[in-house]
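Structural features, examined
The chain contents come next:
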Amino acid sequence: MAEKFKALTIAGSDTSGSAGMEADLKTFEEIGVYGMAALTVIVAQAPTDWAHDIFPIDIATVERQIATVGGGIGADAIKTGMLGSAALVNLVVDSIQKYKFKNIVIDPVMVCKGIDDIMVPEAAAVIKANLVKYADVITPNTLEAAYLADMESIESLDDIKQACINIHKLGAKNIVIKSGSRFDSEKMTDVLFDGKDFLIEEKPKLANVYNSGAGCSFSAAMTACLAKGLSVHEAFNHTQTFMQKAVAASFKLNQYTGALCHWASRQ
């Protein structure tokens, strides 16, 4: 019987299914990894204008969920998503130590798509001070990377490289920074820094696509690949292919948003 690989996501639930825990579990499944979840918040969208309402889950409940996996099952890799309070970030740090989790991917969710301000400054500060150092891989967007790297902004490839160096000094082993749609360029740029060398992936921006949940899915794909025993560089390359297909085949959900086609690699 083939070995079964397991991964845990500690993240919020996106009721629309396009991001958060829902995107993570879809990604795990498509890459051949059994997915488990510890929910931190539930996000519901208002049908009339798609405004996001956030309903936090109490710390004790999150702790019990993590214990189910850490104490009762085990995981070949874990990832974090939305951590909405300093106390929650510290719980994750304590859990990493307690259960000796490995292959840790930190998606430092500090901003929502379309918003350029840090959502919860207190949580972001603790991510920077306490959580980053446990990351085997950290996957910030350019706004999150600028915050972690103590840079005013990230506007170029050289800025991305400098941010990678700065974040590596915080203790993260490998840094992946994604330019996404925030760069005024015809190309998308993803950069992996392993503490010594840079691996740069550039590809044309796709027109008429939806990218809700792209950051979640990217970090989940990295997590799933690490759970299966791939190296960070192998995981990065596999994730590039997975994401390119998922975004290219994305589709409209309603008048406000769309979703990635996580199963595009099967087609």
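See the structure shown above.
In what follows, the accompanying structure is described.

Each value, and the rule that gives it
Residues numbered from 1 in each chain as written. Predicted model: local features only at pLDDT ≥ 70, side-chain atom pairs only at ≥ 80, totals over all residues. Heavy atoms only, no water. Buried < 20%, exposed > 50% of the residue type's maximum accessible area, 1.4 Å probe, protein only. Helix = DSSP H or I, 4+ residues; strand = E, 2+ residues; numbered from the N terminus. Contact = heavy atoms within 4.5 Å. Phe/Tyr/Trp six-rings, centres within 6.5 Å; stacked < 30°, edge-to-face > 60°. Lys NZ or Arg CZ within 6 Å of the ring centre and 35° of its normal. Pairing = 2+ DSSP bridges. Lys, Arg positive; Asp, Glu negative; His and termini not counted. Salt bridge = Lys/Arg side-chain N within 4 Å of Asp/Glu carboxyl O. Polar contact = N/O pair within 3.5 Å; in protein donor to acceptor, adjacent residues only side chain to side chain.

A closer look at helix 4 (residues 121–131)
Within the span of helix 4, buried status applies to Ala123, Ala124, Val126, Ile127, Lys128 and Leu131. Where helix 4 is buried, its residues meet strand 4 (77–80), helix 3 (86–99), strand 5 (104–106) and helix 5 (142–148).

Regarding the packing of aromatic side chains
The description of an aromatic ring pair uses the distance of the two centres, along with the angle that the planes make with each other. If you walk through the whole model with that rule in mind, you get four aromatic pairs. Both rings, one in Trp50 and one in Tyr256, keep their centres 5.8 Å apart while their planes meet at 15 degrees; by these two values the pair is stacked. Of this pair, Trp50 sits in the loop between strand 2 (34–45) and strand 3 (52–56) while Tyr256 sits in the loop between strand 10 (251–252) and strand 11 (258–259), and the two are 206 residues apart along the sequence. With a relative accessible area of 34%, Tyr256 lands in the partly exposed category. Both rings, one in Phe251 and one in Trp263, keep their centres 6.0 Å apart while their planes meet at 45 degrees; by these two values the pair is tilted. Within this pair, whereas Phe251 is found in strand 10, its partner Trp263 is found in the segment after strand 11, the two being separated by 12 residues in sequence. The partly exposed category is assigned to Phe251, whose relative accessible area is 31%. Classification of Trp263 as partly exposed rests on a relative accessible area of 36%. Across from the ring centre of Tyr147, 5.2 Å away, lies the NZ or CZ of Lys128, which sits over that ring.

Some remarks on the pairing of strand 4
Neither face of strand 4 is left uncovered, since the one carrying Ala77 and Lys79 and the one carrying Ile78 and Thr80 both have all their residues buried. Where strand 1 (residues 6–14) and strand 4 come together, four bridges link them in parallel fashion. Across the sheet, the residue bridging to Ile10 is Thr80, located in strand 4. Where strand 4 and strand 5 come together, three bridges link them in parallel fashion.

Let's talk about unusual backbone geometry
Peptide bonds are, in most cases, trans, and in most cases residues other than glycine have a negative phi. We note that Trp50 has phi near 65 degrees; this positive angle belongs to a residue other than glycine. You will see that Asn103, though not glycine, has its phi angle at about 50 degrees, which is positive. Along the polypeptide, Asn103 turns up in the loop between helix 3 and strand 5. What makes Asn103 partly exposed here is its relative accessible area of 24%.

As for the side chain of Asp14
With respect to the helices and strands, Asp14 occurs in strand 1. Here Asp14 is buried and forms no salt bridge, its nearest opposite-charge partner Lys26 lying at an N-O distance of 8.4 Å. Of note is the side chain of Asp14, whose polar atom sits 2.9 Å from the side chain of Ser16. The residues contacting Asp14, other than those within four sequence positions of it, are Ala19, Gly20, Glu22, Val43 and Gln45.

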